[in-house]
Amino acid sequence: PPIRSYDKNFRFIVTDTFKHPQLGLSVAGKVDSGFIIMGTAVVIMPGGHTALVKQILTVTEQQVDYSVAGEQCILILGDRSKQKIHNGNVVCEPHSKSQNYV
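What comes next is a walk through the structure. What you are looking at is a predicted structure, and each value in this text was computed from that prediction instead of being measured.

## A short note on the pattern of salt bridges
Alright, step 1. Applying the stated criterion across every chain yields a total of one salt bridge.
Alright, step 2. Linking Asp32 and Arg11 is a salt bridge whose minimum nitrogen-to-oxygen distance equals 3.7 Å. Of this pair, Asp32 sits in strand β2 (residues 24–33) while Arg11 sits in strand β1 (residues 11–20), and the two are 21 residues apart along the sequence.
Alright, step 3. Residue Arg11 is classed as partly exposed on the basis of its relative accessible area, which comes to 23%.

## Notes on the pairing of strand β4 (residues 41–45)
Alright, step 1. Burial within β4 is extensive, with four of its five residues counted as buried.
Alright, step 2. Sheet analysis places β4 next to strand β5 (residues 49–52), joined by four bridges and oriented antiparallel. By the bridge assignment for β5, Ala41 is matched with Leu52.
Alright, step 3. The antiparallel pairing of β4 with β5 creates a hairpin that spans three residues between the two strands, and Gly47 there sits at a positive phi of about 115°.
Alright, step 4. Pairing of β4 with strand β10 (residues 90–92), which is carried by three bridges, proceeds in the antiparallel orientation. Among the inter-strand pairings, Val43 is bridged to a residue of β10, identified as Cys92.

## Observations concerning unusual backbone geometry
Alright, step 1. A cis geometry characterises the amide bond from Met45 onward to Pro46, with omega recorded as -5°.
Alright, step 2. Secondary-structure assignment places Pro46 in the loop between β4 and β5.
Alright, step 3. Phi is positive for Glu61, close to 65°, though the residue is something other than glycine.

Cut-offs used in this document
Residues numbered from 1 in each chain as written. Predicted model: local features only at pLDDT ≥ 70, side-chain atom pairs only at ≥ 80, totals over all residues. Heavy atoms only, no water. Salt bridge = Lys/Arg side-chain N within 4 Å of Asp/Glu carboxyl O. Helix = DSSP H or I, 4+ residues; strand = E, 2+ residues; numbered from the N terminus. Buried < 20%, exposed > 50% of the residue type's maximum accessible area, 1.4 Å probe, protein only. Pairing = 2+ DSSP bridges.

What follows is the structure in structure tokens.
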């Protein structure tokens with residue numbers, strides 16, 4: 001089985017962006033490393049745009065409190081402008097060194 005890097009900085013690779021009918025801007029992708037908890041502030045790189053994770057959904061749209069490395073999920077970011085987030089962008093935590101390498 002693959003080694004999951006739960007203890008590393010949070011990195012989420014965006015594979016799709018869409019407007020959820022009730023919840024606003026959503027980004028789908030895979031948690032590459034670390035973990036994310038609902039309510040966490042994040043930075044979308046490149047660009048350095050900030051957002052707040054309002055909800056986390058599984059790919060079957062069930063709400064969960066967190067997601068860990070290796071999982072596919074949907075992050076609900078609320079009303080951020082969709083034009084600022086693209087496939088391939090990386091979502092990370094503001095204090096993360098990941099910002100410097102994207």
